[in-house]
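Secondary and tertiary structure notes
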Amino acid sequence: MGSKILKALGVKGDFKTAVVPMINYSWANMFLGGAGYIIGMYFTIFLTDVVNLSLKQAGIVVMIATIWDAVTDPVMGIITDRTRSKFGKHRKYLLIGLPFLIVSYTMLWNSFGLSGKDNPISAMVYYIFIYMLYKTAYTIISVPHTAMLPELAPEYNLRTQYNSVGYLFNSAGMVPSFGIVVLILALFASSDDLSSASKMPFLVVGIILAIFYSVAVFLTFKTTKEPSSLGYHVEPLDVKYVLREYVLVFKNKSFRQYFFMSLAYQFSTGFYANSKVYYIKYLANQYSKYALFNAIAGVAEAGAFPLNYALTMKYGKKKCGNIVTPLMVAGLAIGLIMQTDRSGKWSFLWIALMMLSMILYPFGMSGLGFVSTNIFPDLTDVDELITGRRREGVIATFSTLIKKSISGVMAAMVGFTLQGFGLVTGDTVSDYEKATGELFSQTGNALLGVRICVAVIPIAAALISLFLLKNFKMTKNDHAMIRAAIATKHKYGTVTLTEEQIERCELISGQKFEKTWLGTGNSIGEIHTLETDENGEYLIFAETNELTQTQGNTDKADAAVSAENN
C-alpha cells in the first residue's frame with residue numbers, strides 16, 4: 001500500500017530512502033512557518049494594543065529591523081557559500097542559530113515593564129533591538145536551510161516533492177503554534193480585548209514557542225546529511241568580489257522574472273497580513289471570532305495543497321498559480337464591501353461573508369506561494385549555466401530577502417497608512433469601551449484606510465504577480481536540458497548544443513550563449529552532445545562515466561552530478 005501511495009505521488013524509491021530525507025530536511029520548516037505565522041497574526045497588534053505603541057511607532061520597529069535584515073541576508077548568503085566544514089556548507093549554521101532563536105523569540109513577547117504610554121521611546125528602542133536580534137537568528141537559520149535544497153534535490157520534480165513536504169511541516173508548525181497562543185490567551189487573558197493586561201500570557205507564549213521551534217531546527221541539523229565542503233575552493237573575499245556576486249544574480253533573466261513576481265506577491269500578502277487583524281476587529285467588528293477565522297483560513301490553505309501538488313506534478317510549476325489565484329482576488333474583494341453591523345440585523349450575513357473570505361483568500365493565495373517556492377531552486381541551475389559555479393547561498397539570500405523584507409516593509413507602511421487615516425488602537429479603545437459600555441466607533445475615514453490596506457492594494461499586487469507569472473518561460477524539459485548540459489560541461493570541459501537548445505538557454509538566462517560559462521571554451525572538433533532516452537528525456541553523465549536518466553530516483557547519479565557541480 002505504501003509503495004502504491006508513493007508511486008501515485010510521483011515519488012521514486014521506498015519510504016526510507018526517498019521520503020525520510022525529505023522529512024529530515026523539513027523539520028526546520030516548523031520554525032520557519034510557525035514563528036512567522038504567529039508574528040504575522042499577533043506581533044503588530046501586540047505592539048499597538050498590549051505594549052501601547054502607536055501605529056507609526058510599531059511601523060518604525062518593523063522598518064528598522066527590516067533594514068537590518070536586508071544587510072544580514074546578503075552577508076549570510078556569502079558566508080554560507082564560502083563555508084568549508086565537515087558538516088557541509090550550510091548545515092552547521094542551523095546549530096549556531098539556535099541560541100539566538102531561543103533568546104530573541106522569548107524576549108520578543110516581553111517588554112520588561114516598558115509601556116508605550118509611559119515611556120514610548122524606550123519601549124520602541126527595546127523592540128527595535130529585540131526584533132533585529134530575532135531577524136538575525138532567522139537569517140542564520142533560514143538562508144542556509146533554503147540554500148541546501150538545490151544540492152539535496154537536484155531534479156525538477158524532486159524539488160517540488162521536498163517543498164511539498166516542507167509545506168506540510170510549515171502547517172505542522174503553524175497549527176500547534178496557533179493552538180498554544182489561543183489556549184494561553186483564553187486561560188490567562190481576554191482574547192476578545194487585548195490590552196496591557198495581556199503581557200504575561202504573551203511572555204508564556206514566547207517561552208513555549210521558542211523551545212518548540214528550537215527542537216524542530218535541531219532535528220534538521222541532526223538528521224540531514226550534507227556532503228563535506230572541506231575541499232571547496234573559494235576566491236579571495238573583498239568588496240569587489242561581493243558586489244560582483246550580486247550583480248551576477250541579476251544577470252539571470254529567470255531570476256529577475258522570479259524576483260518581480262515574488263515582490264508583487266509579497267506586497268499583496270504583506271499588506272493583507274498586517275492589516276487583517278484591524279480589518280476583523282474594527283471594520284467587521286468580529287474580533288471575538290478571530291481565532292475561528294484563522295482556523296478556517298488555515299484549513300482552507302492546507303486544503304489547497306493536494307490540488308496545487310497535483311497540478312504542479314502533471315502540468316508544471318506555473319499551473320496552480322494560474323488556476324487558483326482568481327480565488328485569492330475574490331476573497332480580497334469581500335473587504336471592499338464588508339460593513340460594521342452594530343445593530344445585529346445583518347450580522348449573520350457579514351459573518352458568512354467573512355468566513356467566505358477566510359476560505360477563498362488563503363486557498364487562492366496558496367497557488368502563487370506554491371509556484372514561488374518551487375521555482376526558486378531551479379534558479380541556481382540557471383545561475384550555474386551563466387557562472388559555472390554553485391551559488392545556492394547567494395541565490396537563497398534574495399529568496400529570503402524578498403519574503404522577509406517585503407513583509408516587514410508592508411507592516412511599516414500599513415501602520416503609517418492606518419494612523420494617517422485616523423485609526424485608533426490600544427488602551428484608548430479599551431478604556432472607552434470599559435467606561436461607557438459601548439463599542440468604540442472608528443471614523444469612516446479610518447475604515448477607508450483599512451479597506452485600502454486589506455483589499456485595494458493586495459488585489460492590485462496579486463494581479464500584477466499573476467501577470468508576471470505568465471512570462472516565466474522555464475519548463476521541466478528546459479531544466480533537464482540545462483542540468484544535462486552542465487554535467488556534460490563539467491565532465492568533458494566542453495558541450496555541444498543544438499540551435500534549439502541554445503535558443504532555450506538564451507531565452508531562460510537572458511544572456512548570449514557564447515557569453516555564458518556553458519557557451520565558452522567549447523573547442524572546435526570536440527563534440528559532446530546531449531543524449532536522450534527512448535522517451536525523449538535527457539540523460540546526465542554520472543561520475544562513473546555511465547549515463548543516468550534525469551527522471552527517477554537515481555540517488556547515486558544525482559550525488560555524482562552534485563559533487564561535480566561543486
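Residues numbered from 1 in each chain as written. Predicted model: local features only at pLDDT ≥ 70, side-chain atom pairs only at ≥ 80, totals over all residues. Heavy atoms only, no water.

**Side note on the overall build of the chain**
Using the following cut-off: Note on conventions: DSSP H or I runs of at least 4 residues are helices, E runs of at least 2 residues are strands, and numbering of each starts at the N terminus. Burial classes follow relative accessibility: with a 1.4 Å probe on protein chains only, a residue under 20% of its type's maximum area counts as buried, one over 50% as exposed, and anything between as partly exposed. Any two residues having at least one pair of non-hydrogen atoms within 4.5 Å are treated as being in contact. Values of accessible area rely on a 1.4 Å probe in the Shrake-Rupley scheme; residue burial ignores everything except the protein chains shown.
Along the backbone of the chain there are 20 helices and 2 strands. The buried share among the 566 residues of the chain stands at 58%. Taking the contacts inside the chain whose residues are at least 6 apart along the sequence as the reference set, 82% of them involve residues at least 24 apart. If you sum the accessible surface of the chain, you get close to 22,500 Å²; carbon and sulfur atoms cover 66% of it.

**Section: the environment of Lys199**
How we decide: As used in this structure description, the phrase polar contact means that two N or O atoms lie within 3.5 Å; if the pair is within protein, one of them must be able to donate a hydrogen and the other to accept it, and residues adjacent in sequence are counted only when both atoms belong to side chains.
Position of Lys199 relative to the elements: it lies in helix H9 (residues 199–223). Between the C-alpha atoms of Lys199 and Val50, which are 149 residues apart in sequence, the distance is 6.5 Å. There is a polar contact of 3.1 Å between the side chain of Lys199 and the backbone oxygen of Leu114.

**Here's the deal with the pattern of salt bridges**
In plain terms, the rule: By definition, a salt bridge exists where a carboxyl oxygen of Asp or Glu is found within 4 Å of a side-chain nitrogen of Lys or Arg.
Applying the stated criterion to the full structure yields 9 salt bridges. When the shortest N-O distance is used, the salt bridge between Lys281 and Asp49 registers 2.7 Å. Linking Lys281 in helix H11 (residues 253–283) with Asp49 in helix H3 (residues 29–50), this pair joins segments that are 232 residues apart in sequence. An identical accessibility class is assigned to Lys281 and Asp49; each is buried. Note that Asp478 is salt-bridged to Arg504, the shortest N-O span being 2.5 Å. Residue Asp478 is found in helix H18 (residues 476–492), and its partner Arg504 is found in helix H19 (residues 499–509); the two are separated by 26 residues along the sequence. Residue classification places Asp478 among the buried residues on the basis of a relative accessible area of 5%. Three or more residues are tied together by salt bridges with common partners; here these are Arg159, Lys317, Asp378, Asp381, Glu384 and Arg390.

**Looking at the confidence of the model for the chain**
Reading fine detail from the predicted coordinates is not recommended where pLDDT is low. Selection rule: A score from 0 to 100, pLDDT tells how confident the predictor is in each residue.
Overall, the prediction assigns the chain a mean pLDDT of 83, with 87% of residues at 70 or greater. This stretch, residues 543–566, has a pLDDT under 50; its non-local contacts, to residues over four places away or in other chains, come to 59 contacts.

**Remarks on the packing of helix H4 (residues 55–81) against helix H10 (residues 239–250)**
This is how the line gets drawn: Angles shown run from 0 to 180 degrees and are taken between the N-to-C directions of axes, each axis being a line fitted to C-alpha atoms and, for helices, limited to the stretch in contact. Every angle not falling under 35 degrees, over 145, or within 65 to 115 is termed oblique; those three ranges are roughly parallel, roughly antiparallel and roughly perpendicular. Lys, Arg, Asp and Glu make up the charged group, whereas Ala, Val, Leu, Ile, Met, Phe, Trp, Tyr, Cys and Pro make up the nonpolar group; the residues left over, Gly among them, are polar.
In contact at an axis separation of 12 Å, H4 and H10 are set at 100° when each is read in the N-to-C sense. By the angle between their axes, H4 is roughly perpendicular relative to H10. Residues Pro74, Gly77 and Ile78 of H4 touch H10, and the partners they reach there are Tyr241, Val242 and Tyr246. When its residues are assigned to classes, the contact of H4 with H10 shows 5 nonpolar, 1 polar and no charged.

**Quick word on helix H7 (residues 120–152)**
Just so we agree on the cut-off: A helix is expected to span 1.5 Å for every residue after the first. Working definition for bend: take the seven residues up to and ending at a residue and the seven starting at it, fit an axis to each, and measure the angle between the axes.
For H7, spanning 33 residues, the distance from its first C-alpha to its last is 47 Å, which sits close to the expected 48 Å at 1.5 Å a residue. The largest bend along H7 reaches roughly 25° and is located at Thr139. The buried fraction of H7 amounts to 26 of the 33 residues, a majority that puts the element mostly inside the structure.

**Structural notes on the packing of aromatic side chains**
Keep this limit in mind: Any pair of Phe, Tyr and Trp rings, taking the six-membered ring for Trp, is counted once the centres come within 6.5 Å. Such a pair is stacked with planes under 30 degrees apart, edge-to-face with planes over 60 apart, and tilted for the rest. Each ring is checked for a lysine NZ or an arginine CZ that lies within 6 Å of its centre and within 35 degrees of its normal; such an atom marks a charge sitting over the ring.
Within the structure shown, the criterion is met by 38 aromatic pairs. For the pair Phe43 and Phe46, a centre-to-centre distance of 6.5 Å together with 20° between the ring planes defines the contact as stacked. Within this pair, Phe43 and its partner Phe46 are both found in helix H3, separated by 3 residues, close to a single helical turn. The burial state of Phe43 is the same as that of Phe46; both residues are buried. Lying over the aromatic face of Tyr492, Lys491 brings its terminal NZ or CZ to 5.7 Å of the ring centre.

**Considerations on a nonpolar patch on the surface**
Rules: Patch definition: residues with relative accessible area over 30% and no salt bridge; like charges joined within 9 Å; nonpolar side chains (Val, Leu, Ile, Met, Phe, Trp, Tyr) joined within 5 Å.
A surface patch of nonpolar side chains, amounting to about 590 Å² of accessible area, comprises Met63, Ile67, Trp68, Val71, Val75, Ile79 and Phe416. Its place among the elements puts Trp68 in helix H4.

**With respect to unusual backbone geometry**
Look at Asn52: it is not a glycine, yet its phi comes out positive at around 70°. Secondary-structure assignment places Asn52 in the loop between H3 and H4.

**Remarks on the environment of Phe100**
Along the chain, Phe100 turns up in helix H6 (residues 98–108). Taking C-alpha positions, Phe100 is 7.2 Å from Leu133, a pair spaced 33 residues apart along the chain. Once residues lying within four places of it in the same chain are set aside, the contact partners of Phe100 are Leu133, Ala137 and Ile140.

**Describing the side chain of Thr516**
Assignment of secondary structure puts Thr516 in the loop between H19 and strand E1 (539–541). Given the relative accessible area of 2%, Thr516 is considered buried. Setting aside chain neighbours within four positions, we find Thr516 in contact with Leu385, Ile386 and Gln511.

**Describing the environment of Val103**
Here Val103 shows up in helix H6. Looking at Val103, the relative accessible area reads 42%, which means it is partly exposed.

**With respect to the nonpolar core**
A general tendency of soluble globular proteins is for nonpolar side chains to be buried together. To keep it simple, the criterion reads: Definition of nonpolar core: a set of buried residues of the types Ala, Val, Leu, Ile, Met, Phe, Trp, Tyr and Cys, connected through side-chain atoms within 4.5 Å.
Ranked by size, the top nonpolar core spans 150 residues in total, and within it Phe31, Tyr42, Tyr105, Trp109 and Leu518 carry the most contacts. No other element matches the 15 residues that helix H14 (residues 347–387) contributes to this core. Non-local contacts of Leu518, meaning those with residues more than four positions away in its chain, are made with Leu385, Ala485, Ile486, Lys489, Val495, Leu497, Cys505 and Phe513.

**Re the packing of H4 against H7**
Formally: A crossing counts as left-handed when the near helix is turned anticlockwise from the far one by less than a right angle, and as right-handed when that turn is clockwise.
Direction vectors running N to C along H4 and H7 enclose 30°, while the axes themselves pass 8 Å from each other. Accordingly, the angle class assigned to the pair H4 and H7 is roughly parallel. Seen along the crossing, H4 lies across H7 with a hand that is right-handed. Looking at side-chain class alone, the contact of H4 with H7 contains 16 nonpolar, 6 polar and 3 charged residues.

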